[in-house]
Every structure is written in structure tokens, then in C-alpha cells.
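Observations on the model geometry
Residue-level listing of the chains:
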Amino acid sequence: MAKIGLSEGFTLIPKGTHVFKIVEVKYKEDFGKMEIIMQLASGQKHTERFSLLNADGEPNQGGLNAFSYFAKTALNDYTLTEIDHEELVGHYIRCEVDHEEVESNKTPGKMLKFVRLGDKEPADGFDEAEAPTPKKESKPATTAPAAPAEKASGKKFDLDSILG
């Protein structure tokens with residue numbers, strides 16, 4: 001029987017101050033939707049979303065203000081008047097992480113937790129305390145054949161990258 005490596009699963013980023021690296025930015029200009037994918041030194045990811053347009057196509061001033069502050073902070077330049085969204089990739093930002101619990105609008109009575117970012121400030125890179133610790137590879141007790149995905153690529157299946 002083949003052994004399949006399992007991911008750590010989905011876990012919320014813990015409360016506290018963390019440094020994030022911006023690894024990808026997706027911008028759907030026609031809809032005014034911005035997604036900023038950020039990653040901790042540990043590899044854990046978070047997506048911050050901004051709605052820059054209202055449903056009627058007019059600018060969403062609140063969303064634009066929030067994005068502007070985020071971008072100026074990440075780029076550490078509060079004099080900017082415009083940017084190309086791709087300029088954010090590779091920059092770091094330090095944020096205070098908090099959790100917000102809200103009731104599901106699909107399943108009344110079910111509570112959902114969301115990560116909220118507050119107290120943002122520029123960062124030059126990951127903090128030493130957050131540097132990832134190398135994981136020790138454990139050898140399987142038996143020599144079971146590799147899973148098909150592992151055979152083809154030589155890598156373990158990464159469920160987080162698909163779900164992330």
C-alpha cells in the first residue's frame with residue numbers, strides 16, 4: 001500500500017505581530033478587485049482582498065483608502081500618488097494579526113473565524129525569530145512504493161498550494 005504525504009492542513013495565522021512577504025498580486029481592473037497573496041517566513045499564506053470599485057462601477061473610496069495605505073506602507077513611500085500593482089511583489093510588511101469571529105451567512109448558528117490585519121508598518125525582511133526551522137525528513141518504516149504524484153515529480157503533493 002502506498003503512503004501519501006499529508007499537509008499540515010489549514011490553520012489560521014496566529015494572533016500577534018508578523019512580517020509578510022508579498023508573493024503575488026492579482027488585479028481584475030474591470031471589476032476593481034485586488035488580491036494580495038502574502039507569505040510568512042514559515043510558508044503560511046494569507047490573502048488580503050480590496051474592492052476598489054462599487055457595484056455601480058464608481059470608485060469605492062473606503063477600499064481605495066485601505067489599499068492606498070497598505071501599498072504606501074509596503075513600499076515604504078507615503079508620497080506615492082499611483083503605482084503598478086506588480087510593484088508590490090517582493091516587498092515586506094509587518095502587521096498585527098487579530099481574529100474576528102462572525103456568524104456564517106450560509107449556515108446560521110455556525111461561527112467562522114477570519115484573520116484581520118491591523119497596525120501595518122514597513123519591513124525590510126523577515127524577523128529572525130520568524131525564520132523557518134528546517135524540517136527533518138523522516139524515513140518511512142517500510143519501503144512502500146511512492147505515490148504516483150511523488151514518482152512523476154519527485155516532490156510530495158502540496159495540498160496547501162492548491163487550496164491556498
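Higher on the page you've got the structure.
It should be emphasised that the depicted structure is a prediction, and the values quoted were computed from it without experimental measurement.

Calculation notes
- Numbering of residues starts from 1 in every chain and runs along the sequence as written.
- Residue-level local features of this predicted model are given only where pLDDT is at least 70; pairs of side-chain atoms are given and counted only at 80 or more, and the full residue set underlies all totals for whole chains, interfaces and linings.
- By convention in this description, side-chain values take in all heavy atoms of the structure and omit both hydrogens and water.
- Without a salt bridge and with relative accessible area above 30%, a residue can belong to a patch; like charges are then joined within 9 Å and nonpolar side chains (Val, Leu, Ile, Met, Phe, Trp, Tyr) within 5 Å.
- Under the convention used here, a 1.4 Å probe and the Shrake-Rupley method define accessible areas, while residue burial counts only the protein chains that appear.
- Salt bridges are counted wherever a side-chain nitrogen of Lys or Arg sits within 4 Å of a carboxyl oxygen of Asp or Glu.
- A residue counts as positive if it is Lys or Arg and as negative if it is Asp or Glu; His and the chain ends are not included.
- Taken as the charge centre is NZ of Lys, CZ of Arg, CG of Asp or CD of Glu, depending on the residue.
- The helix count covers DSSP runs of H or I at least four residues long, the strand count covers runs of E at least two residues long, and both are numbered beginning at the N terminus.
- The criterion for strand pairing is that DSSP finds at least two bridges linking the strands in question.
- Where helices are involved, their axes are fitted lines through C-alpha atoms of the stretch in contact, as for all axes, and angles between N-to-C directions lie from 0 to 180°.
- Using a 1 Å grid laid over the protein atoms alone, points where a 1.4 Å probe fits but cannot get out form a cavity; open sets with protein on both sides within 12 Å along at least 5 of 7 lines form a pocket; any residue with an atom within 4 Å of a point counts as lining.
- Grid points are joined across faces, edges and corners, and a volume is the space filled by probe spheres set on the points.
- Under the grouping applied here, Gly and all other residues not named as nonpolar or charged are polar, the nonpolar ones being Ala, Val, Leu, Ile, Met, Phe, Trp, Tyr, Cys and Pro and the charged ones Asp, Glu, Lys and Arg.
- Only Phe, Tyr and Trp rings are paired, with Trp represented by its six-membered ring, and only when their centres lie within 6.5 Å; those with planes under 30 degrees apart are stacked, over 60 edge-to-face, the remainder tilted.
- When a residue's accessible area, from a 1.4 Å probe over protein chains only, is under 20% of the maximum for its type it is buried; when over 50% it is exposed; and in between it is partly exposed.
- In this description, a nonpolar core means a group of buried Ala, Val, Leu, Ile, Met, Phe, Trp, Tyr and Cys residues linked to one another through side-chain atoms lying within 4.5 Å.
- By the convention used here, residues are in contact when the closest approach between their heavy atoms is within 4.5 Å.

1. Looking at a negative patch on the surface
Together, Glu 24, Asp 84, Glu 86 and Glu 87 make up a negatively charged patch on the protein surface. Assignment of secondary structure puts Glu 24 in strand 1 (residues 16-28).

2. Some thoughts on the sheet that holds strand 4 (residues 92-103)
The sheet built from five strands is open, its strands ordered 3-2-1-4-5 with antiparallel pairing. In this open sheet, the two strands that pair with only one neighbour each are strand 3 (45-51) and strand 5 (111-123). Strand-to-strand twist in this sheet, taken as the mean axis angle between neighbours without regard to direction, amounts to 40 degrees. Judged from the seven bridges that link them, strand 2 (residues 33-39) and strand 3 form a sheet pairing that is antiparallel. Residue pairing for strand 3: Met 34 is matched across the bridge by Phe 50.

3. Considering the layout of surface pockets
Empty space within the second largest pocket amounts to approximately 370 Å³. Forming the walls of the second largest pocket are 16 residues, and the residues nearest its centre are Leu 64, Phe 67, Ser 68, Glu 82 and Ile 83. Examining the composition of the lining of the second largest pocket, we find that five residues originate from one element, helix 1 (residues 61-75), more than from any other. For the lining of the second largest pocket, the class distribution of residues is 10 nonpolar, three polar and three charged.

4. Details of the packing of aromatic side chains
Here the structure, examined in full by the defined rule, presents four aromatic pairs. Relative to Phe 70, the ring of Phe 50 has its centre 5.7 Å away and its plane inclined at 55 degrees; by these criteria the two rings are tilted. In this pair, Phe 50 is assigned in strand 3 and Phe 70 in helix 1, connecting sequence segments 20 residues apart. Here Phe 50 and Phe 70 have matching classes, each one buried. When the centroid spacing of 5.1 Å and the interplanar angle of 85 degrees are considered together, the rings of Tyr 92 and Phe 126 count as edge-to-face. Residue Tyr 92 is located in strand 4, and its partner Phe 126 is located in the loop between strand 5 and helix 2 (148-153); the two are separated by 34 residues in the primary sequence. Note on Phe 126: relative accessible area 31%, which makes it partly exposed.

5. Some thoughts on the nonpolar core
The biggest cluster of nonpolar side chains holds 21 residues, and the ones touching the most others in it are Phe 20, Ile 22, Ile 36, Met 38, Phe 67 and Leu 88. Among the secondary structure elements, those contributing two or more residues to this core are strand 1, strand 2, helix 1, strand 4 and strand 5. In terms of residue count, helix 1 provides more of this core than any other element does, five residues in total. Not counting chain neighbours up to four residues away, the residues in contact with Met 38 comprise Phe 20, Lys 21, Ile 22, Val 23, Gln 44, Lys 45, His 46, Glu 48, Phe 70, Ile 93 and Leu 117.

6. Observations concerning the pattern of salt bridges
In this structure the tally under the stated criterion is five salt bridges. The residue Asp 127 makes a salt bridge to Arg 94 at a minimum N-O spacing of 2.6 Å. Here Asp 127 is found in the loop between strand 5 and helix 2, whereas its partner Arg 94 is found in strand 4, with 33 residues between them in sequence. Take Arg 94: its relative accessible area is 18%, and that puts it in the buried class. It is possible to trace a salt-bridge network through shared partners that takes in Arg 94, Glu 121 and Asp 127.

7. Notes on the environment of Lys 72
Its location among the elements puts Lys 72 in helix 1. Lys 72 sits in the partly exposed class, given a relative accessible area of 25%. Spatially, the C-alpha atom of Lys 72 lies 8.7 Å from that of Pro 122, the residues being 50 residues apart in sequence.

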